[in-house]
Amino acid sequence: IATAHNITFLEVPQYGDPRWSADLVCHYVNEEGDPPLHSVKWYRDNNEIFRFTPEQQPYTRTFNTTAGGVARDSCNMHSCMISVVLPKRYNTRISFTCEVSTEGPRFAVVNQTKYLTVAVTLKEDPVITGVEGSVQFGEDVLLNCSTSPAMPPANIVWYVDGKPEKTEPWMVDNTEVSSADEYGLRSSWRPMRLRVNTPKGDVSLRCEATQPVRPPYVRSSNTTLVVARSPHLSMFTAAGSRTTKAEATFLMIALSITFHILSKCSALYRV
């Protein structure tokens, strides 16, 4: 029984930036005894957009489509690459199918399908700011989590010691979003005011940024707040502050003078 070439691997990126074309690659092999390769066809959703037929002239053919055509191609007896133009509509999900068939009379066919979502995904993890050194028990700390420009913009959620940030009932989502840049991309940020009330020596924080695409695209960052075990040092013992040392010295001199005056008064009173 005649069989088709086996598709060993279909390369379709999960997300595609509409500012550039996306490269798709179909890899296939011919098992021993299989008929020769007849054609390789690419489909966008249900529409054929490209065909490679090595025994015909011309051996490649592209098909016009309103959703965006094929910008370039490179095919041989083992693989077929096409570069496709993506629509400008973000969060659009497109299926791409590679279909490989052998020579007649049976023209056996195999195919594989993968999906691509149009989106400009986050290129780096979100950035957490406001964490400087240690904090005191009972102290209020203001933190912020921000993302680089992307589209669609990310929604941000804070996690404190593994649990979602507690918010008021009316605070459905307080993620802030910037205006669009020259490419239509938007940054996101979300502040959080945290009161340190844990008996532990630290607080684990995670900022999770999720772009609402199919499937969701998630990036996150982690940091730790170190909770000091003792109160802040007083002005008498604080080190490294010239102003504090001067104030302490002045106060000690003033106390000495006061003690001396009181001693004189006490002596006069006894006389």
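About the criteria used
- Residues numbered from 1 in each chain as written.
- Predicted model: local features only at pLDDT ≥ 70, side-chain atom pairs only at ≥ 80, totals over all residues.
- Heavy atoms only, no water.
- Pairing = 2+ DSSP bridges.
- Helix = DSSP H or I, 4+ residues; strand = E, 2+ residues; numbered from the N terminus.
- Salt bridge = Lys/Arg side-chain N within 4 Å of Asp/Glu carboxyl O.
- Disulfide = S-S within 2.5 Å.
- Core = buried A, V, L, I, M, F, W, Y, C linked by side-chain atoms within 4.5 Å.
- Buried < 20%, exposed > 50% of the residue type's maximum accessible area, 1.4 Å probe, protein only.
- Contact = heavy atoms within 4.5 Å.
- Phe/Tyr/Trp six-rings, centres within 6.5 Å; stacked < 30°, edge-to-face > 60°.
- Lys NZ or Arg CZ within 6 Å of the ring centre and 35° of its normal.
- pLDDT = per-residue confidence, 0-100.

An unreviewed UniProt entry lists the protein under the name Ig-like domain-containing protein, with Papilio xuthus as the source organism.

Enquirer: It is not clear to me how the sheet that holds strand 16 (residues 176–177) should be interpreted in this structure. Could you clarify?
Expert: The pairing of strands in a sheet happens through backbone hydrogen bonds and is either parallel or antiparallel. The strand order across the open sheet formed by four strands is 11-13-17-16, and the pairing between neighbours is antiparallel. Each edge of the open sheet carries a strand with a single partner, namely strand 11 (127–129) and strand 16.

Enquirer: Looking at this model, I keep getting lost on the pattern of salt bridges. Mind explaining?
Expert: If the charged atoms of two oppositely charged side chains come close together, the side chains can form a pair. If you walk through the whole model with that rule in mind, you get eight salt bridges. Across the pair Arg19 and Asp17 runs a salt bridge, and its minimum N-O distance is 2.7 Å. For Arg206, the salt bridge is made with Glu208, and the minimal N-O distance between the two is 3.3 Å.

Enquirer: Help me understand the state of the cysteines, please; the structure alone is not making it clear to me.
Expert: Each disulfide is one covalent bond, formed between the sulfur atoms of two cysteines. One pass over the full model with this rule turns up three disulfides. Taken N- to C-terminal, the disulfide-bonded cysteines of the protein are connected 1-4, 2-3, 5-6.

Enquirer: Explanation requested: the nonpolar core in the structure shown.
Expert: For soluble globular proteins, nonpolar side chains are generally found buried alongside one another. Residues Trp42, Phe50, Val84 and Phe96 are the most contacted members of the largest nonpolar core, which totals 25 residues. Secondary-structure elements contributing two or more residues to this core are strand 1 (6–11), strand 3 (22–29), strand 4 (37–44), strand 5 (47–52), strand 7 (70–75), strand 8 (79–84), strand 9 (93–102) and strand 10 (109–118). In this view, Val84 contacts Ser21, Ala22, Leu24, Arg44, Ile49, Gly69, Val70 and Phe96; residues no more than four positions away in its chain are not counted. One finds Val141, Leu194, Leu205 and Val227 within the second-largest nonpolar core, a separate group that totals 23 residues.

Enquirer: Just checking my understanding: could you explain the side chain of Thr175 for this structure?
Expert: Looking at the secondary structure, you find Thr175 in the loop between strand 15 (163–164) and strand 16. Residue contacts for Thr175: discarding those within four places in its chain leaves Ala154, Asn155, Ile156, Ser188, Trp189 and Arg190.

Enquirer: Mind showing me how you'd approach the packing of aromatic side chains here?
Expert: Working definition: an aromatic ring pair is given by the centre-to-centre distance plus the angle between the planes. Scanning the entire structure with this criterion turns up two aromatic pairs. When the centroid spacing of 5.3 Å and the interplanar angle of 80 degrees are considered together, the rings of Tyr15 and Tyr217 count as edge-to-face. With Tyr15 in strand 2 (residues 15–16) and Tyr217 in strand 19 (residues 217–227), this residue pair connects regions lying 202 residues apart in the sequence. In this pair, the class of Tyr15 matches that of Tyr217, namely buried. Measuring from ring centre to ring centre gives 5.9 Å for Phe52 and Tyr59, while their planes differ by 85 degrees; the resulting arrangement is edge-to-face. What makes Phe52 buried here is its relative accessible area of 4%. The ring of Tyr183 has Arg19 lying over it, and the distance from NZ or CZ to the ring centre is 5.2 Å. In this structure, Arg206 is placed above the aromatic ring of Tyr159, and the distance from its NZ or CZ to the ring centre is 4.2 Å.

Enquirer: Is there a simple way to think about the confidence of the model for the protein in this case?
Expert: A low pLDDT means the predicted coordinates there should not be read in detail. Per-residue pLDDT for the protein has a mean of 82; in total, 78% of the residues score no lower than 70. Predicted confidence in the protein is weakest over helix 1 (residues 242–270), with a mean pLDDT of 47, and strongest over strand 2, with 97. This stretch, residues 264–271, has a pLDDT under 50; its non-local contacts, to residues over four places away or in other chains, come to zero contacts.

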